[in-house]
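Listed below are the residues making up each chain.
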Amino acid sequence: AAASESGAASDKAQGGEEWLTVQHSLGETKIPAQPERIAVTHQILIDWLHPLGYKVSVAPMARPNQEFEPYTPEEQKRDMTLIGPPGEPNLEALLSEEPDVIFVNWGHDKAYEQLSKIAPSVFVEFQDDWRELLRTYGRMLNKEELAEAWLNAYQQKAEAAKARLSEAVAGETVVFIRFLPKELRIYANHPTSSVGGVLYHDLGLKPVSEPAGEMYEAISLEGLAQLNPDHIFMQIGFVPATDDEAARRYNEITEGPVWKGINAVAKNQVYLVESAFFSNSPLGKQYMIDVVLENLLGE
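For clarity, every value in this text was computed on a predicted model and none was experimentally measured.

Can you walk me through the sheet that holds strand 4 (residues 38-40) in this structure?
Paired through backbone hydrogen bonds, the strands of a sheet run either parallel or antiparallel to each other. Overall, parallel pairing links the five strands, which are arranged 6-5-4-7-8 in an open sheet. Two strands in the sheet have a free side with no partner beyond their single neighbour: strand 6 (81-82) and strand 8 (121-123). As paired elements, strand 7 (residues 101-104) and strand 8 share three bridges and run parallel to each other. When the sheet's bridge partners are listed, F103 is paired in strand 8 with V122.

Spelled out as structure tokens, the structure:
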């Protein structure tokens, strides 16, 4: 889809308001060049719009039991109207909020026609590579320079962190695992995956084993013990606060001698992280770097 999102043309409407003609995955839409009230159908879109200088006014909650992600910038939270939990777009609430433009999240394209009757709507297909997706938004919205500036700043942050980590944990292995209701997952050294990309590529940490082809695979506790990582980043369940099944499984596994014999466990180098650690988005990546530094350098 990226090829069609080649850029935006601006023109002045009668009355002097400037409009942008945006080429996106579902066609061409005219939106105000300086929208006053931006709505999104999922909070993840803030992560792409914020680096480009946009302030979102209307959004659903980040999660069913959580208003915002832990990394959502304060200036975005301020004066934002939250329209219920995430899920299918709340058309009535969006209509009553009178947005100037609606950015539609991947997975919500079926509601696009109804949304575009409420306000001019822009839909962008998901791309695995978060950097390319940010560049796509930059091209579409005439904000290419801001997108590149943000990516350069991220790169500098990652390199500074990498230099400090290479001294602090030189040669020590790091793994990310998730306890889910039915399995324990281990995440691979994968350049575009949400965790592998940051841990092993951007920050240069040492993975436990050669990368598998997949982003993650199920692993037994014995398998994890054989890999014997020095540091474990760990998440329990998809939505930690509500996933009792996964928590039960975690408690079962971690009470036994196999878990306690793992290097990271014996050395008290296991770090419980929030689901936000998993966000495959620009602001999510920044947050991941901060969480890694906090845990591995004790900051």
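I'm lost on the pairing of strand 9 (residues 174-179) in this one. Help?
Successive residues of a regular strand alternate their side chains across the two faces of the sheet. For strand 9, the tally of buried residues reaches six of six residues, placing the bulk of the element in the interior. Residues V174, F176 and R178 point to one face of strand 9 and V175, I177 and F179 to the other, with burial holding for every one of them. One ladder, built from six bridges, connects strand 9 with strand 12 (residues 231-236); its direction is parallel. Each bridged residue has a counterpart across the sheet, and for F179 the counterpart in strand 12 is I236. Where strand 9 meets strand 10 (residues 184-187), three bridges bridge the pair, whose relative direction is antiparallel. Residue pairing for strand 10: R178 is matched across the bridge by R185. In sequence, strand 9 turns back onto strand 10 through a hairpin of four residues.

Would you explain the sheet that holds strand 10 in this entry?
On the basis of which strands lie adjacent, the open sheet formed by five strands has the order 11-10-9-12-13 and mixed pairing. Each edge of the sheet is formed by a strand with only one pairing partner; in this case those strands are strand 11 (216-218) and strand 13 (270-272). Recorded for the sheet is a direction-independent mean angle of 25 degrees between the axes of neighbouring strands. One ladder, built from three bridges, connects strand 10 with strand 11; its direction is antiparallel. If you follow R185 over to strand 11, its bridge partner there is A218. Taken strand by strand, helix 12 (residues 282-296) contacts strand 12 and strand 13, and its axis lies near 125 degrees from that of strand 12.

Hey, could you run me through the packing of helix 5 (residues 130-140) against helix 6 (residues 144-168) in this one?
Between two packed helices, the angle of one axis relative to the other and the distance separating the axes together describe the packing. Closest axis-to-axis distance for the helix 5/helix 6 pair is 7 Å, and the angle between their directions is 155 degrees. When the axis of helix 5 is compared with that of helix 6, the two are roughly antiparallel. Two secondary-structure elements touch here, helix 5 through W130, R131, L134, R135, G138 and R139 and helix 6 through E144, A147, E148, W150, L151, Y154 and Q155. Along the lines of polarity and charge, the residues of the contact of helix 5 with helix 6 split into six nonpolar, two polar and five charged.

What's the story with the nonpolar core in this structure? I'm lost.
Generally speaking, nonpolar side chains in soluble globular proteins are found buried as a group. In this structure, F103, Y137, L141, L205 and F277 are the most contacted members of the largest nonpolar core, which totals 59 residues. Looking at which element gives the most residues to this core, the answer is helix 12, with eight residues. Those residues in contact with F103, other than ones at most four positions away along the chain, are I38, A39, V40, T41, L45, L49, V122, Y137 and L141. Counting residues in hydrophobic clusters, the runner-up holds 17 residues, among them L184, I219, M234 and A264.

Help me understand the packing of aromatic side chains, please; the structure alone is not making it clear to me.
Any aromatic ring pair is given by two values, namely how distant the centres are and how the planes are angled relative to each other. For the structure shown, the criterion picks out 16 aromatic pairs. Note on Y71 and Y287: the rings are 5.4 Å apart at their centroids and 50 degrees apart in plane angle, and the pair reads as tilted. Of this pair, Y71 sits in the loop between strand 5 (56-59) and helix 2 (74-77) while Y287 sits in helix 12, and the two are 216 residues apart along the sequence. Of the two residues examined, Y71 and Y287, each falls in the buried class.

What is the right way to look at the side chain of T72 in this model?
Inspection of the secondary structure puts T72 in the loop between strand 5 and helix 2. Apart from the residues within four sequence positions on either side, T72 is in contact with Q43 and K77.

Is there a simple way to explain the pairing of strand 2 (residues 18-24) in this structure?
Summarising the sheet, strand 2 and strand 3 (residues 27-32) pair through six bridges and their orientation is antiparallel. Within strand 3, the residue paired with Q23 across the bridge is E28. From the end of strand 2 to the start of strand 3, which pair antiparallel, there are two residues.

Help me out: how do you make sense of the packing of helix 6 against helix 12 in this one?
With their axes 11 Å apart at the nearest point, helix 6 and helix 12 run at an angle of 15 degrees to one another. Judged on the interaxial angle alone, helix 12 and helix 6 are roughly parallel. Seen from above, helix 6 lies across helix 12 with left-handed handedness. Across the interface between the two elements, W150, Y154, K157, A158, A161 and L165 of helix 6 pack against P282, L283, K285, Q286, I289, D290, V292, L293 and L296 of helix 12. Counted by class, the contact of helix 6 with helix 12 contains eleven nonpolar, one polar and three charged residues.

What counts and what doesn't
Residues numbered from 1 in each chain as written. Predicted model: local features only at pLDDT ≥ 70, side-chain atom pairs only at ≥ 80, totals over all residues. Heavy atoms only, no water. Pairing = 2+ DSSP bridges. Helix = DSSP H or I, 4+ residues; strand = E, 2+ residues; numbered from the N terminus. Buried < 20%, exposed > 50% of the residue type's maximum accessible area, 1.4 Å probe, protein only. Axes fitted to C-alpha atoms, helices over the stretch in contact; angles between N-to-C directions. Contact = heavy atoms within 4.5 Å. Parallel < 35°, antiparallel > 145°, perpendicular 65-115°, else oblique. Nonpolar A, V, L, I, M, F, W, Y, C, P; charged D, E, K, R; others polar. Core = buried A, V, L, I, M, F, W, Y, C linked by side-chain atoms within 4.5 Å. Phe/Tyr/Trp six-rings, centres within 6.5 Å; stacked < 30°, edge-to-face > 60°. Left-handed = near helix turned anticlockwise from the far one by under 90°.

Without other data, these values stay purely geometric and don't point to any function.
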